[in-house]
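# Structure assessment
These are the residues of each chain, in order.
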Amino acid sequence: MATERKMERIAIYPGSFDPLTNGHLDIISRASRLFDKLIVGVLQNDAKKCLFTKEERARLISKCIGNMPNVSVQTFNGLLVDFVKQNQGIVIVKGLRAVSDYEYELQMAALNKHIDHEIDTIFLMADVQNSFLSSSVVKELLRHGGNIRGLVPEEIIDDIESLKSKL
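All of the points below concern the structure found in this document. (Residues numbered from 1 in each chain as written. Predicted model: local features only at pLDDT ≥ 70, side-chain atom pairs only at ≥ 80, totals over all residues. Heavy atoms only, no water.)

### Quick word on the side chain of Asp 18
What counts, and what does not: Strands are runs of DSSP state E lasting at least 2 residues, helices are runs of H or I lasting at least 4, and numbering of each runs from the N terminus. Contacts described as polar in this section are N or O atom pairs within 3.5 Å, which, within protein, must combine one atom able to donate a hydrogen with one able to accept it, while residues neighboring in sequence count only if both atoms come from side chains.
Relative to the assigned elements, Asp 18 resides in the loop between strand 1 (10-15) and helix 1 (22-34). A polar atom in the side chain of Asp 18 sits 2.6 Å from the backbone nitrogen of Leu 51. Among the polar contacts listed, one links the side chain of Asp 18 to the backbone nitrogen of Phe 52, at a separation of 2.9 Å.

What follows is the structure in structure tokens.
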């Protein structure tokens, strides 16, 4: 009797992650426990003025996920659905902080489902301690000399603070 190979459950967690916050890292950690493999997909969002290039953002994320062997980081351009298919993904992971996030993400999930009906989206609620946290908040604090400790992973604080002059 031939043994059947178990199909890997691969999820994609997309975002701009500029910079990675403790909220993002929490979603990465929790999603990594739900799937065999989690790919953090770093994209360039032309609507946002980014502090880091997408390659720098991928490198910073990689510094923070060393204790999660089933998590990898990749950059991508183009449609998320295409990226998911290229990586044999079955699901898109999105984090939600508030109702406003849900409304937007529900529209994106419906659009992605329209493009490819085989790809699902799951939503993970932000931990209460991260419900106010966003990359924009971190950049705004940094711009005004505020303390970002506790908001971003310790491993990348120096990297982020070194770019104060770009803000």
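### Remarks on the side chain of Asn 112
Spelled out, the test is: The buried label goes to any residue with under 20% of its type's maximum accessible area, the exposed label to any with over 50%, and the partly exposed label to all in between, with areas taken from a 1.4 Å probe on protein chains only.
In this structure, Asn 112 sits in helix 4 (residues 99-115). Take Asn 112: its relative accessible area is 12%, and that puts it in the buried class.

### Thoughts on the sheet that holds strand 5 (residues 120-125)
For the record, the criterion: One bridge is not enough; two strands pair if DSSP finds at least two bridges between them. To obtain an axis, a line is fitted to C-alpha atoms, over the contacting stretch when the element is a helix, and the angle between two such axes runs from 0 to 180 degrees between their N-to-C directions. The contact definition used throughout considers only heavy atoms, calling two residues in contact when any of these lie within 4.5 Å.
One open sheet holds the 5 strands; their spatial order is 3-2-1-4-5, and the pairing between them is parallel. Since the sheet does not close on itself, it has two edges, and those belong to strand 3 (71-76) and strand 5, each with one partner. On average, each strand axis in the sheet is tilted by 30° relative to the strand beside it, whichever way the strands run. Lying over the sheet, helix 2 (residues 54-64) contacts strand 2 (37-43) and strand 3, oriented at roughly 175° with respect to strand 3. Where helix 4 meets the sheet, its contacts fall on strand 4 (91-96) and strand 5, and the angle it forms with strand 5 comes to roughly 165°.

### Quick notes on the environment of Ser 16
Among the secondary structure elements, Ser 16 is positioned in the loop between strand 1 and helix 1. The class of Ser 16 is buried, set by a relative accessible area of 11%. With near-sequence residues (within four places) excluded, Ser 16 lies in contact with Val 42, Leu 43, Asn 45, Lys 48 and Arg 57.

### Digging into the nonpolar core
Formally: Buried Ala, Val, Leu, Ile, Met, Phe, Trp, Tyr and Cys residues that are joined via side-chain atoms within 4.5 Å together make up what is termed a nonpolar core.
Core analysis: the largest hydrophobic core is formed by 35 residues, its most contacted members being Leu 20, Ile 28, Leu 38, Ile 61, Ile 65 and Val 93. Of all elements in the fold, only strand 1, helix 1, strand 2, helix 2, strand 3, strand 4, helix 5 (135-143) and helix 6 (157-161) reach the threshold of two or more residues within this core. Setting aside residues no more than four positions away along its own chain, Ile 61 makes contact with Phe 17, Leu 20, Ile 28, Val 40, Val 42 and Val 73. Counting 10 residues, the second-largest nonpolar core is a separate cluster that includes Phe 76, Leu 80, Phe 83 and Val 84.

### Quick look at the pairing of strand 4
To keep it simple, the criterion reads: Consider the strands pointing away from the viewer: the crossover is right-handed when the path from the first strand over the helix to the second runs clockwise.
Counting buried residues along strand 4, 5 of its 6 residues qualify, which places the element largely inside the surrounding structure. Summarising the sheet, strand 1 and strand 4 pair through 2 bridges and their orientation is parallel. Of the residues in strand 4, the one forming a bridge with Ile 12 is Ile 92. As judged from the 6 bridges shared by strand 4 and strand 5, these two strands associate in the parallel manner. Following the sheet pairing, Val 93 is matched in strand 5 by Ile 122. Between the parallel pair strand 4 and strand 5, the chain is carried across by helix 4, and the sense of this crossover is right-handed.

### So, helix 1
Every α-helical turn comprises 3.6 residues, leaving residues that sit three or four positions apart pointing alike. Rule in force here: Each residue after the first adds 1.5 Å to the expected span of a helix.
Between its terminal C-alpha atoms helix 1 stretches 19 Å, which fits the 18 Å expected from 13 residues at 1.5 Å a residue. Where helix 1 is concerned, the buried positions are Gly 23, His 24, Leu 25, Asp 26, Ile 27, Ile 28, Ala 31 and Ser 32. Where helix 1 begins, the side chain of Thr 21 points an oxygen toward the backbone nitrogen of Gly 23, at a separation of 3.2 Å.

Limitation: the analysis is restricted to geometry and does not speak to function.
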